[in-house]
Structures are given as structure tokens and as C-alpha cells.
Amino acid sequence: MYCILYLLYWVPFPALHELFSILCFRMSRINWLPHIANVDTLLWAVCGVGGGSLLVACFFFVWHKQKLRFFLCKKTSSTTEENIEALILLHGSLAPKRYKYSEVTKITSSLNNKLGEGGYGMVFKGRLDDGRLVAVKFLHDSKGDGEEFVNEVISIGRTSHINIVSLFGFCLEGSKRALIYEYMPNGSLDKYIYSENPKAILGWDKLYTIAIGIARGLEYLHHSCNTRIVHFDIKPQNILLDQNFHPKIADFGLAKLCRTKESMLSMTGARGTPGFIAPEVHSRTFGVVSTKSDVYSYGMMLLEMVGGRKNVKSMAQESSEKYFPHWIYDHFGQDDGLQACEVTRENKGIARKMSVIGLWCIQILPMHRPTIGKVLEMFERGSDELDMPPRQNFSQIL
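Reading the values: rules and limits
Residues numbered from 1 in each chain as written. Predicted model: local features only at pLDDT ≥ 70, side-chain atom pairs only at ≥ 80, totals over all residues. Heavy atoms only, no water. Salt bridge = Lys/Arg side-chain N within 4 Å of Asp/Glu carboxyl O. Helix = DSSP H or I, 4+ residues; strand = E, 2+ residues; numbered from the N terminus. Buried < 20%, exposed > 50% of the residue type's maximum accessible area, 1.4 Å probe, protein only. Pairing = 2+ DSSP bridges. Axes fitted to C-alpha atoms, helices over the stretch in contact; angles between N-to-C directions. Contact = heavy atoms within 4.5 Å. pLDDT = per-residue confidence, 0-100.

Engineer: Sorry, what's going on with the pattern of salt bridges here?
Structural biologist: On inspection of all chains with the given rule, the structure shows seven salt bridges. Aspartate 251 is the partner of lysine 137 in a salt bridge, and the nearest nitrogen-oxygen pair spans 3.7 Å. With lysine 137 in strand 4 (residues 133–139) and aspartate 251 in the loop between strand 8 (247–249) and helix 9 (254–257), this residue pair connects regions lying 114 residues apart in the sequence. Of the two residues, lysine 137 and aspartate 251, neither departs from the other in class, the shared state being buried. Between lysine 374 and glutamate 377 there is a salt bridge whose closest N-O contact spans 3.7 Å. Residue lysine 374 and its partner glutamate 377 are both found in helix 15 (residues 372–380); the two are separated by three residues, about one turn of the helix. The class for lysine 374 is partly exposed, based on a relative accessible area of 38%.

This is the structure in C-alpha cells:
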């Protein structure tokens, strides 16, 4: 009853205020309320009691709401963790091992030996308890929730090929995420092909073997693993070499785990590294993004392996030297051949085959490029059996 009187009094209509006075008078006559001569005194009393009760009620409501929110968040976090553990158990031995963050820092000797840093995070050298050397990549700006992350990690971990870097384990602890790969003692391909004398370090035969190994790894990702994987970032920095200089493709699948950064073209939403990105990734005018996009990147890398230089040379004095695919195409018709690329008579066949295959792979329209399976077939043929592709010019297509 007091609450009703309180609400009626504060309704901003004069008639209701008058009604409140009449009600008080009537109720005092039937002994519901003692007779009060001063209605304002009653009003203040009602307001005080009602206001105090309202404040207490608000306090308990806010406290209960905060407690409920904490309980729900804790319950949600617990449910997510249970789902993650269930996913790992479901895949059994096929799932990479999960490590705590404290274990990962111990593996890397508290992040003591840094191997490098790329678009997805920093990489440190480490050692597992069984003595195996590993490379631990600490991811920054990971996207997706924990379950999505684990699903992708399991997908990466299920890949198994001699030319694919193996994933041993991972870390997922709050926002801290890391991937533990097998260690490649000879580092990445770029430090060899961009050196002052690249052919003296690896030699043409070894370069040729590396080129075929990379193609086989790509063929596995495109057609032979459980789910078709398009790498989107094939480049010398993502080709690692083991103790015998066998090539292994790294960093596949990371585009799904991390936001675009550094090597990724966030301004256009395109994936990949400038100089290796297929035209259709930039614009659908050229076609649909597919496994042929990786073939384009592979072709650009193949030409860099032949030339021992980056395909786009901004500091070149002559414009004809700036874009290496054009330069190497023109030199096939000249007497000097590929002497500028340290090609001898003994190695001419290897250099020509790698160059012709590379030029076929970088055809502007995807329909004119070979599949990676076709590339492997081309490697099996003699260099004289391969026809030169037409020289490419973007202005002719647009």
C-alpha cells in the first residue's frame, strides 16, 4: 500500500496529488492509517521509506547481475576448454601435442635464441625434452576463438609429406598462442639465392632438386592431403632447408589463424607478398583465385632461383633490367643466353628448363598456367621439348 501511495504521489499530475490527499483522509477514517493532519509529512515519510527500499533493491540487483555475469563467463570459459580437450581426444595421436605457455618458454630457454620474425610472429629455436630441436613460432594478432584455432591446428598437424614442415605441437593459453615446428638447420632458401654468389653455394643441380621438391610439396597441398590447401604465400622465405638441403614448405594455413600483417596486403585484403601475388588475387578481372594462384607464386620464385635476384629490381639503372621475367625472356633470343645468371654450357639445359617452366607459371590468366601436377610433368621432359610461352603484357589483357 505504501508503494502505491508513493507512486501515485510522484506521478506529475495535480489531480493525482489531490487524489492522494483524499485517499489519506478516507483511510484514516476506516483506521487503515492514523489520522494525520499534515499530508506533506506523510508524503515525505512515504518517499523516504520508498526511496530507501528502492536503493537497497537496486544494490542487490546490480550485485546479483555482476555475480551472474561472472558465473556465466566462467561457465562459458570452462565449456570452451572442455570442447577443446574433446577435440584433441577425438583425433587421438593425429592431433599435435598441446603445451602450456610455461612449457613453451622453457623449451625456448625463455625466448633466448631468436631465429627470425615474419608477418605472423617471431620464431625462436628450442629443444624438446626428448632432445629434438624445434622452431617455435609465437603468433601475434590471432583471430578466431580457441575451438577454431585448435581445429585449424589439427588440420595443419594432419599434413604429412617429405616436402612439408611437420608440426609437433601448439600452445593455447588465453591470448597466448604458439606453434612448434621441426627445426630446419639450413634456414630458408632466400639467404642462398640472394647471396653474392648463389650458384657456388648450392650449385645448379641442387637448385634443380630443390625446385622439384617444392613442386611436389605444393602438389600434396593442392591435391593429396585431407583438405585442399592453397598456401597464398609461396616465396623463398617460406621454403626451409633441412640438413641435406631438402626443401620443405612452411607457414601454410597461417592465413586462417592470424590477421593480415606485414607480408599481407591489408589495404586490398589480398593475401601474399608483393612480387609473388597472382593477378587474380589483386583483381577478379583476371580470373578466380585457386590453386593456380600458388602456381604463379611458384613460377616467380623459380625465376628468382635462376636469376639469383629479386624479380622486381627497383634500383636497376636500365628499365629493361627492373622486371626480371622480361629480361630473362629477351635473353633467350640473344647469343649471350643466360651467362649473366652464371650459366655455363654444362648447366644450360637446367637453367633453360627452370626458366621456361617459370615463365609458363606466371602467365597472367590462370587458364593459361599449368597445374602444379603439369609442372612436375614438364620437369621430366627435356629442355628442348618445352616451348616458350608468349611474353606477357598486362596492358594487352586489360
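Moving on, there is more to tell.
Engineer: Mind showing me how you'd approach the sheet that holds strand 6 (residues 176–182) here?
Structural biologist: Sheets are built from strands that pair by backbone hydrogen bonding, the pairs being arranged parallel or antiparallel. Reading across from one edge, 1-5-6-4-3-2 is the order of the six strands in this open sheet, with mixed pairing throughout. The two strands at the open ends of the sheet, each matched to only one other strand, are strand 1 (97–99) and strand 2 (114–117). Shown here is a sheet whose adjacent strand axes are inclined to one another by a mean of 25°, direction ignored. Strand contacts of helix 5 (residues 146–157): strand 4, strand 5 (167–173) and strand 6, with the helix running at about 175° to strand 5, the strand carrying the most contacts.

Engineer: Would you mind showing me how to read the confidence of the model for the protein chain here?
Structural biologist: Reading fine detail from the predicted coordinates is not recommended where pLDDT is low. Here the protein chain averages 77 in pLDDT, and 68% of its residues register 70 or above. Segment residues 70–75: pLDDT under 50, and zero contacts once partners within four positions in sequence are set aside and those in other chains are kept. Low pLDDT, under 50, characterises residues 260–269; the predicted model gives this stretch 22 contacts beyond four residues in sequence or across chains.

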